[in-house]
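One-letter residues, chain by chain:
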Amino acid sequence: MEDGVIGGGDGAATAPEGDGGDAADPGGVDGVSEARGGEASVGSVADSGDGSAGGSQRSEAEAELAAQQVERERIERRKAERTGPIESGAKLSGKAADLLAAIRAVEGGEKPAATAFGDPEPAPRRAAPAPEPVRRPQPAAPAAVAPAAEAVAAVRRVLADGGAPESLAPQVTAALGEGADALLREDPWHLLRVSGVRPDQADGFARALLGAECGPDDERRGRAVTGWLLEQAAVAGHTALEMPALTAALAQRAVRDPEAAVQDAIAEGEALVFQDALDPGAPEPEDDEEERPVRVLVGLERYALAEESLADGLARLVNSLSKDASEPWEAAAAAASGGAAELARAVAGHGLVLHTGGEAARAEPAALLIAARAAGLRAFAATHAPDGRRRPTALSADGGEAVGTVAGLLSGAEGPGRDADGALALDLLIVLDAPQLDVEDAAILVEALPDGARLVLSGDPAVLWSAGAGRVFADLLAARVCPQIASRTPDPGPLGELVSGIGVGELLQVEAPGKEIVIVPVRDAGEAVHRTVQLVADSVPRAIGVPAEQTVVITPGHGGAAGTRALNTVLKERLNPGPGRFGGFDPGDRIAYSPAPGRTVPGQVVTADADGLHLSCAGVTVVVPKERVEQSVRHGWALTAHQAVGGRWPAAVVVLPGDAAQSLSRPWVYTAFSRAERHLSVVHGVEQALPRAVSEALPKPRTTRLPLLLKTQVPAAN
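Residues numbered from 1 in each chain as written. Predicted model: local features only at pLDDT ≥ 70, side-chain atom pairs only at ≥ 80, totals over all residues. Heavy atoms only, no water.

1. Details of the nonpolar core
Leu159, Leu455 and Leu457 are the most contacted members of the largest nonpolar core, which has 86 residues in total. Counting 35 residues, the second largest nonpolar core, distinct from the first, contains Val499, Ala592, Phe673 and Val686. (Core = buried A, V, L, I, M, F, W, Y, C linked by side-chain atoms within 4.5 Å. Buried < 20%, exposed > 50% of the residue type's maximum accessible area, 1.4 Å probe, protein only.)

So, in C-alpha cells, the structure goes:
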C-alpha cells in the first residue's frame, strides 16, 4: 500500500458516537441524546415508517423482549414481597423532609405539596433492604401479540385528524395499548411515547386536535415532556437526572413552570423521585434541626427498579457465599496458572469479582471457565456479541458449549437452563464484554443467579460504555465492593501497542514494519468515501491479504457525507451490486441486524420469501418479518463503533471525516481502533483533532445511583 504508517502526531480523527449513541443533541439534558444509543437515529414524524410488529410467529426480538419482561415482573414481585415498611428520614427537616413527605403522599395516592420542589437542591434517601423473599419458579414467557387491526384503524383516524403520518398507527397502538385512540384524543401529547417523535411535532399534533384548548401552560404537555426528557436521558445513559438538570431542560423546552410539571409527573406515577444522601457513611446529625446533605433525583420507574434490583442482587451474591463446598473451587484454582490462577483464587473466596484487561486478557477468564468445568462446577461464559464467542471458544476444551451471548442466556436460547426455583443452573457465570451491560440486562442476569453462585464481570474499561442506560461495570469499579483483578497480559504487536497507548491517553509513535497500521490522509468527505472503497475492495486484499468480506468499516454515525448510509451505498455498488429487490437488499449483502435497541449482530442476506428476509448471523439463520426489515436491518459493510463493539475483524478501516473533530473522544477512538486483529487503516481528515481527543476527551459522565445503593448494602473491599 502506498500510504505511510500512522504516527503519534499524525493520527487520524473522527467524530465518535458519543457516550450513549451515534448522535448527540446539544439541546438535550447533560448529554441527553435524541438518538437511540448506537442504533437508528430518531427521525421526524413525517419520515416515520410503518413500525408494526405483525405476524403470529414470534421473532427473535419479540422472544427476547418477552423473556426480559417476565424477569422484570419477577423483580417487581420480589419488591412487593418485602415485609413491612421501613422507616427512614427521621432526622430530616426542611426541604428534604418536605420532599420525603411528598414521596409518601404520592405513595398514598395524593398529590405532593408544592413546597417539595421549591428549591433545586439535591435529596432522596434509600431504606435498608428487607429480607430476601423465597424464589418462585419462572413462568413461561407470554407470546407477543400484534395490535388488533380495528385498534390500529381507530388510531389511524386520530392521526389523520391531527395531521400526523398514518403510518405511525401500529407503533402508537403498541405503545399506548387498548383504547389508544381515545387516549390520544384526550391527551395528544401521549404521542411523545412513540420513539422518534419530538415535542415540537407533538405540539403541532395537539394544536390540530385541540384547537383553542391547546395552550403552552397545559399540564398535560408539561407531564409528557418530563417523561420524554427522562426517556431521552436514558438513551444517553442516565438512569436518573438531578432535579436542577431536569427543570433546566424543561425550561428549554418552553415549559413555563418546570417544577410544577415534575411534581405533576410524579403525582401521576409517570416518574419517581429519589432522595440520596451525599455521604451515606456519615453519622446521623446530632442536632434534630440540622439537615443531612442529600440530592434530589428524578427517573423513570423501569430504570429505578432495575438499578435497585441490581444492587440488591449483587449484595445477595456477595453476602450469600457458602464455605461448605469450597473443595471444587480450590481444585479449579489449583488447575489454573499465571493470571488465570490469580483470578481463580479470587473467585474461590468471593461471590463477585471484577476482571479488567484488553483482548489478550480474555484468555484468563477462558482458562478459569475450563478449570471450573474440569472441577465439576457448572460454569458458563456470556459475551456481548456472537463474534465474542469465537475467542473464548478457541480455548474451550468442550468445543464452546459453555460459551454463549448475554442475549441468548437471557432469552433461554443458550446456556444451562433453569433449576426448579427458576434460577440459572450455574455455579459460575463469567460475563465478558462487561462494559456493554446496561442496568436492565445486568439486573436480570444477577436476579437469575442462585444464592451461592459466583459472578465474574470481565472487560476492557477503556471501550465505549453500554448503549442502554447505566454504566454498570464502571460503577462497580468505582464502588470497590469486591476484588478487582487487573490482567498483566498486554495485547501484542503494533496494534496492541497503539491501542494500549490510547487507553492511557497517549497516541504513540508505533513502528509497523508489516503495514499493520496505515494512515490515509484525505481533504474532504467525498475523498474519504472514495479512499475507503479503494481500501476495502483493492488495497487491503492486495497488500495485506485480507478479503473485503473480512474487513469492517467504522465511521462516527449513520448520517452525513461519510456516515454508514453513504458508505454502505457505495460499498454495495462496488462489492455486491444489485437491484435491492428485497426491500433494498440482495442475496450476499452484508447487513447489521438489530433485534433489540442497542444490540447489533452482523450477518449476510441469504434470500427472501413470504415469511420475510432470511439472514445468516454468526452461523444462525434468522428470519426477519417484512414489516420489521426497515427498522431492524441495515447494510453492514460500514458500522458505527457502538455497533462494532464486542466484535473483531481481521482488518478494519476507520473513517474520520473532517466534520467529526468536535465529537471525538478517547473511548470512541479506542473502541474503533481496537476492532482490528491484523491490520488497521485510518482514513484521516481531522489533522490534530485525534491526538487532542485521545489526551483530553474523556467519556461524558452519566448520572446513576448504583454506587450509592451498593455502599448502603456491601462493605468496601480491601
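2. As for the confidence of the model for the chain
Looking at the chain, the pLDDT average stands at 81 and 76% of residues meet or exceed 70. Between residues 1-58, whose pLDDT stays under 50, and residues either more than four places distant or in other chains, the model counts 219 contacts. Contacts of residues 82-144 to residues separated by more than four positions or lying in other chains number 140 contacts, the stretch itself having pLDDT below 50. (pLDDT = per-residue confidence, 0-100. Contact = heavy atoms within 4.5 Å.)

3. Concerning the pattern of salt bridges
A side chain with one charge may pair with a side chain of the opposite charge, provided their charged atoms come close. Overall, the coordinates contain 24 salt bridges when judged by the stated rule. Residue Asp427 is joined to Arg378 by a salt bridge in which the shortest nitrogen-to-oxygen separation is 3.2 Å. Within this pair, whereas Asp427 is found in the loop between α15 (406-411) and β7 (428-431), its partner Arg378 is found in the loop between α13 (363-374) and β5 (379-383), the two being separated by 49 residues in sequence. Between Asp589 and Lys572 there is a salt bridge, and its shortest N-O distance comes to 3.0 Å. You can see Asp589 sitting in the loop between α20 (564-575) and β12 (590-596) and its partner Lys572 sitting in helix α20, a full 17 residues away along the chain. With a relative accessible area of 0%, Asp589 lands in the buried category. Residues joined in a network through salt bridges with shared partners are Asp187, Arg193, Arg223, Asp264 and Glu270. (Salt bridge = Lys/Arg side-chain N within 4 Å of Asp/Glu carboxyl O. Helix = DSSP H or I, 4+ residues; strand = E, 2+ residues; numbered from the N terminus.)

4. Description of the sheet that holds strand β1 (residues 241-242)
Reading across the sheet, the three strands line up as β1-β3-β2 and stay open at both edges, with antiparallel pairing between neighbours. Whereas interior strands pair on both sides, the edge strands pair on one side only; in this sheet they are β1 and β2 (272-277). When β1 meets strand β3 (residues 294-299), the two strands line up antiparallel, connected through two bridges. Bridge pairing in β3 links Leu241 to Val298. (Pairing = 2+ DSSP bridges.)

5. Here's the deal with the packing of helix α23 (residues 666-673) against helix α24 (residues 689-696)
Relative to each other, α23 and α24 sit at 110°, their axes nearing to 7 Å. With respect to α24, the axis of α23 lies roughly perpendicular. Together, Arg666, Val669 and Phe673 of α23 and Leu690, Ala693, Val694 and Ser695 of α24 make up the contact between the two elements. Partitioning the contact of α23 with α24 into residue classes produces five nonpolar, one polar and one charged. (Axes fitted to C-alpha atoms, helices over the stretch in contact; angles between N-to-C directions. Parallel < 35°, antiparallel > 145°, perpendicular 65-115°, else oblique. Nonpolar A, V, L, I, M, F, W, Y, C, P; charged D, E, K, R; others polar.)

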